Structure formats: structure tokens, C-alpha cells
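# Structure assessment
The primary structure of each chain is shown beneath.
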There are 4 protein chains.
Amino acid sequence: MIRVTIYNEFVHERTEEKVREVYPDGIHMALKSFLEDGDVVVDTVTLDTVNELTEEKLKDTDVLVWWGHMAHNKVPDEVAEHVKEAVQRGMGAIFLHSGHESKPFKKLMGTPCNLTWREDGDYERVWTVNPAHPIAQGIGRFIYLEHEETYGEPFGIPEPDETVFIGGYEGGEVFRSGVCYRRGCGRIFYFQPGHESFPTYKNADVQRVIKNAVCWAAPIYRVENLNCPHVQKP
Amino acid sequence: MIRVTIYNEFVHERTEEKVREVYPDGIHMALKSFLEDGDVVVDTVTLDTVNELTEEKLKDTDVLVWWGHMAHNKVPDEVAEHVKEAVQRGMGAIFLHSGHESKPFKKLMGTPCNLTWREDGDYERVWTVNPAHPIAQGIGRFIYLEHEETYGEPFGIPEPDETVFIGGYEGGEVFRSGVCYRRGCGRIFYFQPGHESFPTYKNADVQRVIKNAVCWAAPIYRVENLNCPHVQKP
Amino acid sequence: MIRVTIYNEFVHERTEEKVREVYPDGIHMALKSFLEDGDVVVDTVTLDTVNELTEEKLKDTDVLVWWGHMAHNKVPDEVAEHVKEAVQRGMGAIFLHSGHESKPFKKLMGTPCNLTWREDGDYERVWTVNPAHPIAQGIGRFIYLEHEETYGEPFGIPEPDETVFIGGYEGGEVFRSGVCYRRGCGRIFYFQPGHESFPTYKNADVQRVIKNAVCWAAPIYRVENLNCPHVQKP
Amino acid sequence: MIRVTIYNEFVHERTEEKVREVYPDGIHMALKSFLEDGDVVVDTVTLDTVNELTEEKLKDTDVLVWWGHMAHNKVPDEVAEHVKEAVQRGMGAIFLHSGHESKPFKKLMGTPCNLTWREDGDYERVWTVNPAHPIAQGIGRFIYLEHEETYGEPFGIPEPDETVFIGGYEGGEVFRSGVCYRRGCGRIFYFQPGHESFPTYKNADVQRVIKNAVCWAAPIYRVENLNCPHVQKP
């Protein structure tokens, strides 16, 4: 069984009619609806309850899924630090879309995580670059999204451990849309699709990718201690 | 001083009127014309003279630039093996466009180096992914090529040591267009633009990239021996 | 079920009394004895029967385990090419000890795969560098081997995708003893311990690593075709 | 000309007689003495003056060299943040020895950066793993240090972009002693030798490595802005 915690700031859906129409119960509930099954249990947290993301809660979380955008700065530094350390101890983490600028993702990457963007409702094709990767199983040559926010390079991330997807947009832009990292004992997947005003998380391929990523990121090993132990000569 | 040897199979330019119009003296001479200056001396080899690529010649070459397409299989295995070993000893190598399927590139990658392709004269934008890389110096956000052959993912290469450029095409395709590897003591750069029927190598930005790559790939260290030396306890 | 094929050249064990004493039935049978269980079926091939490693046989192999030393050059080029392509299509491969110089390993790496060596019966400690890696599960801080051949850096491999173990020897030498690569759709693990004259493959930790590696390398995805398909504008 | 700023906390040298004997003017002055020449100008900062490491100062620094140990936590978070961002903008950074636990190094890695350690005055051999790397130029098979603090794996760093040196110790321990990263536009080198109570920085090979690293890390490109620019359709 995989214990997933979804964090969604849940601001857009309550302040913008257009977004509420797409995700009336919030992006977190949309994610939960397809992630939860016999093998995966899902809990959700929003900005209002973000302090529930305690060290204890994260110890009981196998994979944390993160969606945030407008309110990155309202996430307490302490929570971001807990998330970072939980990943280093083995928890998996999946950062979606504008989560590239979230505090915990930036802490885990060590890079600016910046990008260029425009919002013109262009189509996106998310191309499978590594078809043998566990996260790409069941996905064809590309995922077609009729409308997505356009993210563009340079994307200020470290050279990926594994590049799984690269997106291409109507305007000819490209973006490393699906990338994997290991940080300490934890695995991280960043996945770009998911602008709040489009029904991206209702796309079956996108759901498949996120579900695959949850399975891939679930820990097989966790450590308690991140300190530097003094040892004896062997 | 950097000693460059350009290999161009020089078949298209002699058999297709359309290509001859673009490169009347051959792609190798077009490359030579912008590479050669006070600091760079250039020699050229074609399929007709490919056996000039001896071990000796490669020892006297700092960077080998390779363009091939129709006649990959006519390059003797022995030459490909010499090139592979010269790179392992420290020689730099730049593989252009359809050079992804050349014998030496495949030997150096260990992967199929396959890709998808179509030839519809679409535009390409080659996006700078790593603006701080030596090979990207002087290049803006992207290089615009009015017409290029469309190469698509999955590109069967190892996860790059450094990704410098990613191309985006009119049809929404993407391609890792500029990637770096180290193999033994040598540095390798693959650069995708350069279809024979378009004047890509006359584009100032493309020229800049290739010139930068020559400087980046020039060796600072070479070894003679690739064997496994027996050593004493230190 | 995982279908493993073990290739062992099986020369030392028949020509050197000292080695026969350690592995009377050959290294392949020693490996088979601990790999085979309800979930893993094992077939073996030796230099005498190396031509059994046909394309067909490799298609029916999930993970190939390779031990060779004296007779690398007697393995036909065609067999080495088949192994390389089978890995690119998705087959897993584990190269043991002196397999670093085998034809298929070198073809897959693209590097010289050279190293320094001495044979003084020193102890080795194989240190776990990445305790969260699937291949390191069940292994403590290090594996202690009372006697091993000393392999030393520089080891002429590409920068590893993942470094799992680094060995340290009595003389202060170090060696990247457990490293992972992806080549095409296949996964590769190189593991240094296993000199023929010491009972390394009877060590429970070494067995555990190899068993873990078999599970890690077993394919979840395979492709038929390594060519470059012509595609249509999407 | 390369503008180097050396930060040394300068605590051990003022509080421990044994350390003062080795570095009477402080580690920073020892580093400065061999780094400074016609092409390199050096400024120094200590914990007492750490607030001099302003954004402005770091903009005027090409490469920052960092030595800290006891007083990591006394470095203000704001300074650590400035250093992180300066690297992301292009400044080079070299972290020495116990600098693995400094705030800016941990911020740039995103990992715990933990390790095991013991202090028994063992010898260390620092092995050259990548002899073609610019930082290894002029160094032989290994650097011999009669006494060093023993650092051991697992070292909690991301998989290195480039591994240049691996250390081996008297007790058979191993440690990734020289590793390179790129973060944003900046280059980072971590180098393990340099325990305060041994005259490591007086070793000519160690000096050569640090000097090489300064040259390697000096920026060729810097950016002002780390934000996410809104762009137009091209």
C-alpha cells in the first residue's frame, strides 16, 4: 500500500470562476479521485491546513504530491524544510506544474528553477523521451493537450538524473516536462502539465503518468538520521 | 592552435542538383570556410579519401567534425574504430545532423542513436537550454532556422552529460539538438541542425555554435595507452 | 518470473587447480545456485556453447549475467553485437569482475573500460554509497571480502548514471565497484567483486547484491525495432 | 584576471594551539598565498567579517573559496542565501573539507551532505578518477597525504556531474573527494582534503588542484535575473 499526501494550495479554485468550473472540488480532489484505489490511499492538505504537514505526518507519507502557484510564499519555511528533509530521508515527491517555484522544490534542486512562460491557450504535445522508464509505461509517442500554459526553456534545473518527457508547444517552444532526481534517499519527479484553467488532470494519459510516478517514487528505504555519524576504524 | 579535421562524405552534393546549389564545394568546404582562422587550421577528408583517417592522422587532430548520411556503411569499420579510440585518447569530436547514425558516434554512445524523422521543410527553433555553457556563448534564446529536417524523440542516446540545446519544430516535435558527452579523455558534441538541402551552415548562429564546440572539445590532455596496466602496491 | 542467462567462459576452472577447488562446477553453476528460486529461472552458457547466445535466445532472456576474463577475444563479434542490441531493446545485463573488458560491455559503454590491477590477495571493503538504491537493499555499510584482486582507478567508464558501491583495498586503492547505466531500453549493472581464485560468490552479501541487481535489471519494456522510423506531421 | 574571495571562519586557528602552529595566519592566508599571482587577485573574509559577503561583493567575485567547520551555524542565513544566488547567477564556488556541511553548500546541493568521519591521523591517497578533467591537470595517479581526517561514504550528495577524485584511507574507507556540479550558471567544486590540524594546504598537489579548480570555476557567463520572465509567442 502506498500512502499519498496531496498538497494543493486551493486558491485559484475558490477565487476564479473559470477555475472552479474545471475543478469544482479543487485540484487536490481531482488528483485524489484517480490516484486512490485498493493499493493507494490518499490524504489531502491545502494552504489552510498546511501546518498539518508536520514531520510526523511526512514520516507516514510515502509520496507527497504538490500543486501550488499563487501562494508559494504563504507556505511556512518550516513546512518547506520538513518536506525537504522528509525527501532526503526517503519520501517520494511529485511536483506538478507551477510547483517548480515552490519552496520545497527549490530547496531540493539548489537551482533557481526559473523558466519563461506565456498563457495563450496553445496546444502542447508532451513527448516520451525515455519509453522504457517506469513513469512512461502505457504512454504512446506523445500526450496531446489541447490547451496548456506554455512553459519555455531555459528551465533552471540541474541536469536531470533521467529525462522522461519533453514538451513542445504551438509556438515552437520546448520544455523539459518530466524529469527525475534523487536527493538523499528520496525520489523526485517534476511534471509540467496542469494549468489550473484547463482540465489537464482529467486527461487519462496525464493521470497515468502521475499514477506511474507515485509508484516509482514510493520509498523502499528510509533513514531516520541525516547527521554525520562519528565512526570507528573498521 | 586547434587542428580540426572535417570529414564529410560528400555524396549528396555531387549527386543532387538541389544540394549542389546550396553547397557547391561540399559541406566540408562550407564548414571549413567559417572555422578556419588564425587559431584554427582545418583539413578535410571525404568518403573518397576516408582511409586518410589513420591512427597517425587522428593523433594530429585536435577536433574531428563529422558529417555523413547516405554512406555511413561505406566508412570502413577500421576507420570507425580508429576514431572511437582517438576520442578515448583525448581527441574532441563533433557529430553533425545525420552523423547520429554514423559508425563512430554509435560506437561512442553504446546506444541505438535512433530517432524519428520527416522532411517537410518545417521551421525549427533551437532553444538554448544551458546559456552558461561554453558552446552556447553568443547565442540568444533560440536559433531560428526557416527550414530544417524534422528530427523527433525518442532520440536513442544516453542521458546527456550536458544538454545545451533542444529543438522545437513547426509540428510541435522536440529533439535534444545539442548534447555533450565525455568518453575516456575525449569530449563529444552532437549538434542536430544541418540538413543537406538547406543552407543551415550559412546561418551565423549555427556557425557560432560549431566554432564554440570546436574550442570546447579541443583536448587539454591525451593518453597513449588504453590498456589495463599492472601496478604495484603503493 | 525472471529468466536469467548466465554466461561464464569457464576456462580458469578447467585449467587451474586452485580455481577448480573454489568453483568445481564453474562460476556459472555457483551463480546459478543462489540465483535460481521460485521467481528466477536460470540457464547457463559457456565459451564452448557461446553461439547459443542467438538473437532468439536473448529475446527470451530477461537478464544476462556475464563473467569472462581470459577468453574475451574468443567471443565472436556477432555474439557481442547481439548482446549489445538485446540490451538496447530492453534486456538487462550484469557484468561481473573482469567482464569490464568483455566485448559487449565495452560496446555498451563506448569507453575504454580500462583500469589498473594487481593481485596480492588484499582485503577489500565494498562500501555502500547509495543505501537507498534497489541494488543495495539488505547490505550494510560495507561488504568485507578477505581476499580480492585489487582493481584501481582510473576506471575508464562514462560518468555513472548511479554509483551504488565503491571499493577500498588494503593498499589504499579505490574503485567504482558497483555502477549503473541505461543504454536504450536496457539496464546495466557492473559489479567488481569476483576474482576466480577467491570464493567471492559464496559470500552472502555478494549474492544478495547480484540477486538484487537481477531484479533491478529485469525489463518492464522492450522494443523490437532499433531503426529510425519515418513519421508524419502530427 | 580572476577575482577570488576566500571565506575562512578562522576559529580553530585562534583557539587551538595545534592548529595555530600549522596555520599561524589562518587557513585563508595559507590559501591566499598560493592562489594569488599575476592572474588571480584574492580577498579574504572571516567569520568576524562575514557580513562583508554582500550581494555586491559577490557580484564582484569570480570564485568564492569556502572553509568552515565549527561555526557553520554562525553564518547568517542571509549570507548563505546570497552565496547560493550568486552561484546561480554564475559565480564559481569551491567548498573545502568540512565545508560539506556549510549552509551554502547544502543549499546548493539539496541533499543532506552528510558523511561518516573519524580522526585517527590515517594517511589518505586521493586518486585521480578523471585524468582528463581540467581540475586534475598536473596531478599524477594519486596525491599522498600522510595524515588526514578520514571521511567515509555514504556521502549524501547528488550523483556528481563529474567525479574527479576519490580518496582512499588507511582503514580501507573511501570517499568521493573531488566532485563537480553546475547550479544555474555557476560551477561548484567540492574538495575533501584540508583538516585544520594537518598541513594539507601546504602540499603542492593540493595547491595545484585548488588553483586548477579556481580557473575551472571562473565564470564565462553571468545573469542578473533569476525570475521567471513572461514572454511573447515567438
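Located above this text is the structure these notes cover.
Residues numbered from 1 in each chain as written. Chains lettered and ligands numbered in written order. Predicted model: local features only at pLDDT ≥ 70, side-chain atom pairs only at ≥ 80, totals over all residues. Heavy atoms only, no water.

### Some details on the relation of the copies chain B and chain D
Expressed as a screw operation, the relation of chain B to chain D combines 0.0 Å of axial shift with a rotation of 180°, fitting to an RMSD of 0.0 Å. Considering both components of the superposition, the chain copies are consistent with a two-fold axis. Among all residues of chain B, the one whose C-alpha sits closest to the rotation axis is Asp161(B), at a distance of 3.6 Å. When the interface residues of chain B are mapped onto chain D, 100% of them again fall at the interface, so both copies present the same face. (Least-squares fit on C-alpha atoms with pLDDT ≥ 70 in both. Contact = heavy atoms within 4.5 Å.)

### Points about the interface of chain A and chain D
Between chain A and chain D, the residue contacts involve 33 residues of the former and 33 residues of the latter. A combined buried area of about 2600 Å² lies between chain A and chain D, and 56% of that area is made up of carbon and sulfur atoms. Ranking the residues of chain A by area buried against chain D places Trp117(A), Cys228(A) and Lys233(A) at the top, with a combined share of 21%. The tally of links from chain A across to chain D stands at 2 salt bridges. With a closest N to O distance of 3.2 Å, Lys233(D) and Asp122(A) form a salt bridge. In this structure, the connection of chain A to chain D is made through 14 residue pairs in polar contact (both at pLDDT 80 or more). Elements with a minimum of two residues in the side of chain A that touches chain D: helix H6 (103–109) and strand S5 (116–118) of chain A. (Buried area = accessible area lost by both parts, 1.4 Å probe. Salt bridge = Lys/Arg side-chain N within 4 Å of Asp/Glu carboxyl O. Polar contact = N/O pair within 3.5 Å; in protein donor to acceptor, adjacent residues only side chain to side chain. Helix = DSSP H or I, 4+ residues; strand = E, 2+ residues; numbered from the N terminus.)

### Observations regarding the sheet that holds strand S3 (residues 63–67) of chain A
Residue and element names in this part refer to chain A. Judged by pairing direction, the sheet is mixed, and its 9 strands sit side by side in the order S2-S1-S3-S4-S11-S10-S9-S6-S7 without closing on themselves. The open sheet has two edge strands, strand S2 (40–46) and strand S7 (142–145), and neither has a second partner. When strand polarity is set aside, the average angle formed by the axes of neighbouring strands in this sheet is 15°. Sheet topology note: the strand S4 (residues 92–96)/strand S11 (residues 186–191) ladder contains 4 bridges and is parallel. Residue Phe 95 lies in a different strand from S11, and its bridge partner there is Tyr 190. On the sheet, helix H5 (residues 77–89) packs against S3, S4, strand S10 (174–183) and S11 and is oriented at approximately 120° with respect to S11. (Pairing = 2+ DSSP bridges. Axes fitted to C-alpha atoms, helices over the stretch in contact; angles between N-to-C directions.)

### Topic: the relation of the copies chain A and chain D
With an RMSD of 0.0 Å, chain A superimposes on chain D once it is rotated by 180° and translated 0.0 Å along the axis. By residue overlap, the copies meet face to face through one surface: 100% of the interface positions of chain A are interface positions in chain D.

### Here we look at the packing of helix H3 (residues 27–35) of chain C against helix H7 (residues 204–217) of chain C
To characterise two packed helices, one gives the angle between the axes of the helices and the distance between these axes. All names here are of chain C. Following both chains from N to C, one finds H3 and H7 inclined at 75°, their axes separated by 10 Å at the closest point. The angle between H3 and H7 places the two elements in the roughly perpendicular class. Mapping the contact onto sequence places Leu 31, Phe 34 and Leu 35 in H3 and Gln 207, Ile 210, Lys 211 and Val 214 in H7. In terms of residue class, the contact of H3 with H7 is made up of 5 nonpolar, 1 polar and 1 charged. (Parallel < 35°, antiparallel > 145°, perpendicular 65-115°, else oblique. Nonpolar A, V, L, I, M, F, W, Y, C, P; charged D, E, K, R; others polar.)

### Let's talk about the sheet that holds strand S7 (residues 142–145) of chain B
All names here are of chain B. Strands sit in the order S2-S1-S3-S4-S11-S10-S9-S6-S7 across an open sheet of 9 strands; the sheet is mixed. Looking at which strands have only one partner, the edges of the open sheet turn out to be strand S2 (40–46) and S7. Pairs of neighbouring strands in the sheet enclose a mean axial angle of 15°, with direction left out of account. Of the strand pairs in this sheet, strand S1 (residues 2–8) and S2 are connected by 7 bridges, and their pairing is parallel. Bridging from a neighbouring strand, Arg 3 pairs with Val 41 of S2. In the packing of helix H7 (residues 204–217) onto the sheet, contacts are made with S1, strand S3 (63–67), strand S4 (92–96), S7, strand S9 (162–169), strand S10 (174–183) and strand S11 (186–191), and the angle to S11 comes to roughly 165°.

### Examining the environment of Asn114(D)
Take Asn114(D): it is sitting in the loop between helix H6 (103–109) and strand S5 (116–118). C-alpha separation for the pair Asn114(D) and Trp127(D), spaced 13 residues apart in sequence, amounts to 21 Å. Among the polar contacts made by the side chain of Asn114(D), one reaches the main-chain carbonyl oxygen of Leu226(A) at a distance of 3.2 Å.

### Some details on the interface of chain B and chain D
Each partner contributes to the interface: chain B provides 18 residues, whereas chain D provides 18 residues. Across the chain B/chain D interface, buried area totals approximately 1500 Å², and carbon plus sulfur atoms make up 58% of it. Between the two partners, chain B and chain D, sit 2 salt bridges. Between Arg182(B) and Glu162(D) there is a salt bridge whose closest N-O contact spans 3.1 Å.

### A look at the packing of aromatic side chains
For the coordinates displayed, the defined rule picks out 48 aromatic pairs over all chains. Ring plane angle 35° and centroid distance 5.8 Å describe the contact between Tyr123(C) and Tyr144(C), whose orientation is recorded as tilted. With Tyr123(C) in the loop between strand S5 (116–118) and strand S6 (124–128) and Tyr144(C) in strand S7 (residues 142–145), this residue pair connects regions lying 21 residues apart in the sequence. Owing to a relative accessible area of 39%, Tyr144(C) belongs among the partly exposed residues under this scheme. Within the aromatic cluster, the residues linked to one another by ring pairs are Tyr7(A), Trp66(A), Phe95(A), Phe105(A), Tyr151(A), Phe155(A), Phe175(A) and Tyr190(A). If you follow Arg125(A) out to its NZ or CZ, it ends over the ring of Phe142(A), 5.2 Å from the centre. (Phe/Tyr/Trp six-rings, centres within 6.5 Å; stacked < 30°, edge-to-face > 60°. Buried < 20%, exposed > 50% of the residue type's maximum accessible area, 1.4 Å probe, protein only. Lys NZ or Arg CZ within 6 Å of the ring centre and 35° of its normal.)

### Digging into H5(A)
All names here are of chain A. Look at H5: 18 Å from first C-alpha to last across 13 residues, which is about the 18 Å you get at 1.5 Å a residue. Inspection of H5 places Val 79, Ala 80, His 82, Val 83, Lys 84, Ala 86, Val 87, Gln 88 and Arg 89 among the buried residues, and these make up the whole buried set. For H5, the secondary structure elements touched by its buried residues are helix H4 (55–59), S3, S4, H6, S10 and S11. At the exit of H5 stands Gly 90, carrying a positive phi of roughly 135°. (Expected span 1.5 Å × (residues − 1).)

### Considering the pattern of salt bridges
As a working rule, side chains carrying opposite charge can pair if their charged atoms are close by. For the coordinates displayed, the defined rule picks out 76 salt bridges over all chains. The partner of Arg89(A) in a salt bridge is Glu55(A), with the nearest N and O atoms 3.8 Å apart. Of this pair, Arg89(A) sits in helix H5 while Glu55(A) sits in helix H4, and the two are 34 residues apart along the sequence. Glu173(B) is the partner of Arg118(B) in a salt bridge, and the nearest nitrogen-oxygen pair spans 2.7 Å. Taken together, the positions of Arg118(B) in strand S5 (residues 116–118) and Glu173(B) in the loop between S9 and S10 put the pair 55 residues apart, joining distant regions of the chain. You can call Glu173(B) buried: its relative accessible area is 2%. What you see here is one network of salt bridges that share partners, running through Arg118(A), Asp120(A), Asp122(A), Glu173(A) and Lys233(D).

### Quick notes on the pairing of strand S4 (residues 92–96) of chain D
Residue and element names in this part refer to chain D. Of all 5 residues in S4, 5 are buried, a share of seventy percent or more. Examined bridge by bridge, strand S3 (residues 63–67) and S4 share 4 bridges and lie parallel to one another. Residue pairing across strands places Val 63 opposite Gly 92, the latter belonging to S4.

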